[in-house]
Amino acid sequence: MLMGRISRGPTFKALTIGVLLSLVYVALIFFLPDHSNSAHLDNLSSSQYKQALFLVSLPAILVWLIAFYAAGRIRIYAHYLERGKTTVFPLVSLLAKGIFLLALSLPIAAILNRFLNFFEGYSTDVYHASIITTNYVNLILPLFGFVLIYYSVRGITSKKKLDLKLTSAKLLVALYLVIGILYSYETLRHFTSNNAGSNVYYLPTAVFILTILLPYLYAWYIGLASAYDMLFYAKKTPGIIFKRSLYVIASGLAVVIISFIAMQYFSTIDPAYGHLEFNSREIMSALIKLISGLGFYLMARGANKLIRIEEV
Amino acid sequence: MPGVKNPTTYDRLVAITHVYLGPAADRFINRQIENHLHKDPKTITKEDLRSLSDWIKVIVGLICDDQDIVEEYTNEIRKLYLPKPKRNKI
């Protein structure tokens with residue numbers, strides 16, 4: 001009953017990249033010399049610390065794989081739309097690329113954190129340079145992902161008159177303002193403190209504002225706008241069965257974007273470079289990662305339902 | 001279908017399907033006609049709908065868990081080929 005199925009190539013390719021990056025990360029945990037020693041976790045030997053780090057990383061690795069799977073599934077759906085000669089094909093393809101970049105940013109950030117931990121034991125200059133590099137890499141990949149998602153969603157929704165509700169749009173702007181003001185306050189107070197060592201970003205204030213703070217605020221604005229537009233579009237789109245599947249994707253996208261904003265928010269206002277600690281910060285970070293995993297899962301599930309419609 | 005003068009059987013079928021499958025409706029209907037009836041989709045007749053509706057019922061059952069929706073959809077298609085019930089003259 002399944003007619004002319006499109007090959008699973010894109011999912012396989014995306015998952016392969018995810019598995020390879022996961023293996024690199026696990027190898028770094030076990031084989032890269034650990035300079036944080038076990039001071040952060042009392043009474044643990046170096047190998048016990050590495051084992052604990054590995055176990056704590058397992059849920060995160062699962063989230064990465066789900067994220068790559070979701071990107072692959074949306075890519076396959078785009079292929080079906082291409083075969084159906086629809087005009088939205090390039091836009092859905094762009095969405096898949098945006099999701100892929102978000103998926104890619106997760107293991108890349110974790111791998112860089114491992115290297116940071118490694119450099120900590122060497123020259124201070126190298127360590128500071130690696131912190132600056134990590135901060136930019138953590139920013140750039142999700143930023144490009146958000147930009148691609150924004151242009152994709154804007155293209156998809158522009159084909160239909162949405163008639164957005166003013167009240168919910170105002171709420172979105174209010175939410176953005178609260179997040180933006182809180183974020184600016186929390187990050188900039190590191191610079192205004194009298195303590196010279198409190199500049200955890202190792203950047204001059206102006207450079208930090210222009211190259212870290214403003215790009216994050218821009219990414220969050222377009223991220224929230226994309227999530228809102230996509231949810232609204234899914235609500236207004238015709239087709240009882242089609243709408244349900246699209247709404248699952250839109251909900252997943254909203255969860256992913258909000259969890260990424262939360263991840264970026266907490267990782268920049270209180271940066272922790274490469275150390276494993278069991279505290280409220282780590283628990284919250286793990287929870288946000290799991291929530292993002294749920295978002296990616298919803299996206300994959302929604303994409304699978306849409307693929308099914310195109311396959312039968 | 002709004003605005004279409006003298007809609008064909010194909011137009012009516014796509015219009016009904018649009019309520020359930022939205023933008024995927026025409027692609028879905030084209031596939032079903034080509035694969036099960038081996039015909040040019042635009043040339044289907046009311047007689048073709050009888051066997052097509054059976055196929056569609058099975059296939060929509062694969063993509064939708066809600067049997068009420070599947071029944072509602074196929075009943076709408078049946079209305080296209082079943083004779084309209086005569087009204088009792090009082």
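Regarding the overall build of chain A
Check the secondary structure of chain A and you find 8 helices and 0 strands. Residue burial in chain A is summarised as follows: out of 312 residues, 50% are buried. In chain A, the proportion of contacts linking residues at least 24 apart, taken out of those at least 6 apart, comes to 81%. Accessible surface, chain A as shown: approximately 14,400 Å² in total, 68% of it carbon and sulfur.

A short note on the layout of surface pockets
Space inside the second largest pocket adds up to approximately 410 Å³. Surrounding the second largest pocket, 23 residues form its lining, Val88, Ile156, Tyr233 and Phe242 of chain A together with Pro23 of chain B being those nearest its centre. Where the lining of the second largest pocket is concerned, the elements lending two or more residues are helix 2 (46-83), helix 3 (89-119), helix 6 (205-236), helix 7 (240-269) and helix 8 (280-311) of chain A. Split by residue class, the lining of the second largest pocket holds 17 nonpolar, 3 polar and 3 charged.

Here we look at the interface of chain A and chain B
Where interface size is quoted, it is often the accessible area lost as the parts come together. The interface of chain A with chain B comprises 18 residues on the first partner and 23 residues on the second. Roughly 1,800 Å² of surface becomes buried between chain A and chain B when both sides are summed, with 70% attributable to carbon and sulfur atoms. The closest approach of N and O atoms between arginine 244 of chain A and aspartate 66 of chain B, which form a salt bridge, is 3.6 Å. One can count 9 residue pairs in polar contact (both at pLDDT 80 or more) joining chain A with chain B. If you list the elements that add at least two residues to the side of chain A that touches chain B, you get helix 2, helix 7 and helix 8 of chain A.

Some points on the pattern of salt bridges
For the coordinates displayed, the defined rule picks out 7 salt bridges over all chains. Linking glutamate 310 of chain A and arginine 27 of chain B is a salt bridge whose minimum nitrogen-to-oxygen distance equals 2.6 Å. One end of the pair, glutamate 310 of chain A, is in helix 8; the other, arginine 27 of chain B, is in helix 2 (residues 25-37), on a second chain. In this structure glutamate 310 of chain A comes out as buried when scored by relative accessible area, which is 2%.

Looking at the confidence of the model for chain A
With 88% of its residues at a pLDDT of 70 or more, chain A has an overall mean of 86. When pLDDT is averaged over each element of chain A, helix 1 (residues 9-31) of chain A comes out on top at 93 and helix 5 (residues 166-192) of chain A at the bottom at 85.

Quick notes on the packing of helix 2 of chain B against helix 3 (residues 46-63) of chain B
All names here are of chain B. Remark: helix 2 packs on helix 3, axes separated minimally by 10 Å, with the N-to-C direction vectors making an angle of 115°. In terms of orientation, helix 2 lies roughly perpendicular with respect to helix 3. The two elements helix 2 and helix 3 cross, and the hand of that crossing is right-handed. Across the interface between the two elements, Phe28, Ile29, Gln32, Ile33, His36 and Leu37 from helix 2 touch Asp48, Ser51, Leu52, Trp55, Ile56, Ile59 and Val60 from helix 3.

What to know about the side chain of glutamate 186 of chain A
Residue and element names in this part refer to chain A. Within the secondary structure layout, glutamate 186 lies in helix 5. Among the residues examined, glutamate 186 registers a relative accessible area of 18% and is labelled buried. Here the side chain of glutamate 186 touches arginine 189 through a polar contact of 2.9 Å, side chain to side chain. If we skip the residues at most four places from it in the chain, glutamate 186 touches Tyr265 and Ile269.

Cut-offs and rules
Residues numbered from 1 in each chain as written. Chains lettered and ligands numbered in written order. Predicted model: local features only at pLDDT ≥ 70, side-chain atom pairs only at ≥ 80, totals over all residues. Heavy atoms only, no water. Helix = DSSP H or I, 4+ residues; strand = E, 2+ residues; numbered from the N terminus. Buried < 20%, exposed > 50% of the residue type's maximum accessible area, 1.4 Å probe, protein only. Contact = heavy atoms within 4.5 Å. Areas by Shrake-Rupley, 256 points an atom, 1.4 Å probe, with all protein chains shown as cover. 1 Å grid on protein atoms, 1.4 Å probe; cavity = no way out; pocket = protein on both sides within 12 Å on 5 of 7 lines; lining within 4 Å. Points joined across faces, edges and corners; volume = space filled by probe spheres on them. Nonpolar A, V, L, I, M, F, W, Y, C, P; charged D, E, K, R; others polar. Buried area = accessible area lost by both parts, 1.4 Å probe. Salt bridge = Lys/Arg side-chain N within 4 Å of Asp/Glu carboxyl O. Polar contact = N/O pair within 3.5 Å; in protein donor to acceptor, adjacent residues only side chain to side chain. pLDDT = per-residue confidence, 0-100. Axes fitted to C-alpha atoms, helices over the stretch in contact; angles between N-to-C directions. Parallel < 35°, antiparallel > 145°, perpendicular 65-115°, else oblique. Left-handed = near helix turned anticlockwise from the far one by under 90°.

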